[in-house]
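# Notes for the structure review
The chain contents come next:
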Amino acid sequence: MALCATRLLSLCRTPGAGAGAGAGAGAGAGAGARALLSSHPSSRRLLSYANTKKRQTPRRALMYVPGNDERKQGKIPSLGADCICLDCEDGVALGKKEAARNRIRQILDERPIDFGRSECSVRVNPFETGLGEEDVRVIFGGPNMPDAVHLPKVDSPKDLTDFAAAYKEAIKDNSAAKSCVVGLIIFIESARSLLRLPDICSTAVGLGEHSNLRAETLVFGSDDFTADIGATRTADASELLYARQKIVSVAKAFQMQAIDLVHIDFKDLEGLKRQSEEGARMGFTGKQVIHPGQVPVVQAAFSPSKEKVEWAKQLIKEFRDHERSGKGAFNFRGSMIDMPLVKQAQNIVDMMDSL
Ligand code: COA
Ligand code: MG
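Described below are features of the structure shown in this document. (Residues numbered from 1 in each chain as written. Chains lettered and ligands numbered in written order. Predicted model: local features only at pLDDT ≥ 70, side-chain atom pairs only at ≥ 80, totals over all residues. Heavy atoms only, no water.)

### Considerations on the nonpolar core
Selection rule: Grouping buried Ala, Val, Leu, Ile, Met, Phe, Trp, Tyr and Cys residues that are joined through side-chain atoms within 4.5 Å yields what is termed a nonpolar core. Burial classes: relative accessible area under 20% of the type maximum marks a residue as buried, over 50% as exposed, and values in between as partly exposed (1.4 Å probe, protein chains only). Here a strand is any run of E in DSSP of at least two residues, a helix any run of H or I of at least four, and the numbering for each starts at the N terminus. In what follows, residue pairs with any heavy atoms lying within 4.5 Å of each other are defined as contacts.
Judged by nonpolar contacts, the single largest core of 66 residues is most densely connected at Ile84, Leu86, Phe140, Tyr167, Ile186 and Leu218. Here the element with the most residues in this core is helix α6 (residues 157-170); it accounts for 6 residues. What leucine 86 contacts, discounting residues up to four positions off in sequence, is Val65, Gln73, Ile76, Ile104, Ile107, Phe115, Cys120, Ser121, Val122 and Arg123. Formed by 13 residues, the second largest nonpolar core is a distinct cluster that contains Ala312, Leu315, Ala345 and Val349.

Structure below.
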């Protein structure tokens, strides 16, 4: 029997269905927009989470837990992070790579850890290191699948197609595993990858036509990127502004989530809050997290406030009323409201629904 990670079979993501816990079936982008325009009373879900126009597993905090560290893994049930990333890559020393991949396989098969509402995902090593293929063979070679896979250092479409070939080989005898959807989470960590971002995204989306991999998320690997372009990190991260804006824009163009940089000074929760709120304002849907203390700060920053949800629901209601009476732009609490504001409001409502 194939299970998607630690979830029960009934929660296993199946191709064509919504992604992950709490996600309903998603309308296509065009369908969502049309529903909004026609304002059909029954079309509750008009546009979806963070302008992605399809339902996805929320990933407000993407929390790294080293694949070989059983003590840290013991904390998973109490972390409360939307996405747990069992890491084989940079969080694991070279001498522990084999132990990490074998332990992850054991977690998937024997399920000694209760992930609760958290997504169970795995980050493999890049193929250029000579470690990635073996990670894929071991991690995807058993009966149970993780919910998502993280591919670091994707510099070109070929990195994706190499991964997809190894993945296909690993699951070839597992017909049940093929019926799960596995989210594809792509790391952008170099100048080259930033330059080729649209090609990378369209290749990633195309993989879904021939496999159960679904391109869902871009992650900004900010520390590798900083080293790659020869920048110096500053407190306000101004040297990363262009890359962050580009990643958000391209991710949204492909209806994907965008995950912001790591705040490595893990004891500085004030700075983390500031940077998380800034990322949320920029359009990021979540942030990478390395320490348990960072999770609540980040998840709060990427959740709309009660007031904002009330604002959004009321705005949508009044939009529908005005549309029924044939009016376009209208005055809502002293502001001019037209379609872009309605879409933003719908993003907020959809995001709350997905949590
Ligand atoms: N996952 C789960 N539990 C974690 C954790 C993590 N990523 N980071 C820390 N903890 C646990 C610790 O084990 C500790 O519990 P314990 O006292 O029962 O052992 C508790 O949280 C408090 O940790 P603390 O003592 O404050 O930090 P530390 O010095 O043990 O660890 C880091 C600091 C940065 C080394 C650690 O947080 C870590 O390894 N983070 C992940 C790094 C990583 O994966 N990097 C690659 C991606 S960027
Ligand atoms: Mg990195």
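Now that the structure has been shown, we can carry on.
### What to know about the environment of tyrosine 167
Looking at the element boundaries, tyrosine 167 is found in helix α6. On the accessibility criterion, tyrosine 167 (1% relative accessible area) is buried. Taking the C-alpha atoms as reference points, tyrosine 167 and serine 211, separated by 44 residues in sequence, lie 9.4 Å from one another.

### Looking at the pairing of strand β3 (residues 119-123)
Filter applied, for reference: Any two strands are treated as partners once DSSP identifies two or more bridges connecting them. When the strands point away from the viewer, a crossover counts as right-handed if the route from the first strand across the helix to the second turns clockwise.
With 5 of its 5 residues buried, β3 lies for the most part within the structure. Bridge count for strand β2 (residues 83-87) against β3 is 5 bridges, and the pairing is parallel. Residue pairing across strands places aspartate 87 opposite arginine 123, the latter belonging to β3. On the question of chirality, the crossover connecting β2 to the parallel β3 by way of helix α4 (residues 97-110) is right-handed. Pairing analysis gives 3 bridges linking β3 to strand β4 (residues 148-151), with the strands arranged parallel. Paired with arginine 123 across the bridge in β4 is histidine 150. One crossover worth recording links β3 to the parallel β4 by way of helix α5 (residues 132-139), and it is right-handed.

### Quick look at the environment of asparagine 68
Here asparagine 68 lies in the loop between β1 (61-66) and α2 (70-73). Look at asparagine 68 and you get partly exposed, because its relative accessible area is 26%. Measuring from C-alpha to C-alpha, the distance between asparagine 68 and aspartate 87 comes to 8.2 Å, with 19 residues separating the pair along the chain. Not counting residues within four places of it along the chain, the set of residues in contact with asparagine 68 comprises Gln73, Val92, Lys96, Ala99 and Ala100.

### Side note on the sheet that holds strand β8 (residues 286-289)
Selection criterion: Axis definition: a line fit to C-alpha positions, over the contact stretch in the case of helices; interaxial angles, taken between N-to-C directions, run 0 to 180 degrees.
On the basis of which strands lie adjacent, the closed barrel formed by 8 strands has the order β1-β2-β3-β4-β5-β6-β7-β8 and parallel pairing. The average angle at which neighbouring strand axes cross in this sheet is 30°, direction not considered.

### Here's the deal with the packing of helix α8 (residues 197-207) against helix α10 (residues 241-253)
Note the threshold: Take the far helix as your reference; a near helix turned counterclockwise from it by less than a right angle gives a left-handed crossing, and one turned clockwise gives a right-handed crossing. Note on residue categories: nonpolar means Ala, Val, Leu, Ile, Met, Phe, Trp, Tyr, Cys or Pro, charged means Asp, Glu, Lys or Arg, and polar means any other residue, Gly included.
Orientation of α8 relative to α10, taken along the N-to-C sense of each, is 35°, at an axis distance of 10 Å. When you trace α8 past α10, the crossing you get is right-handed. Where α8 abuts α10, its residues Leu197, Pro198 and Cys201 lie against Lys246, Ile247 and Val250. Of the residues belonging to the contact of α8 with α10, the class tally is 5 nonpolar, no polar and 1 charged.

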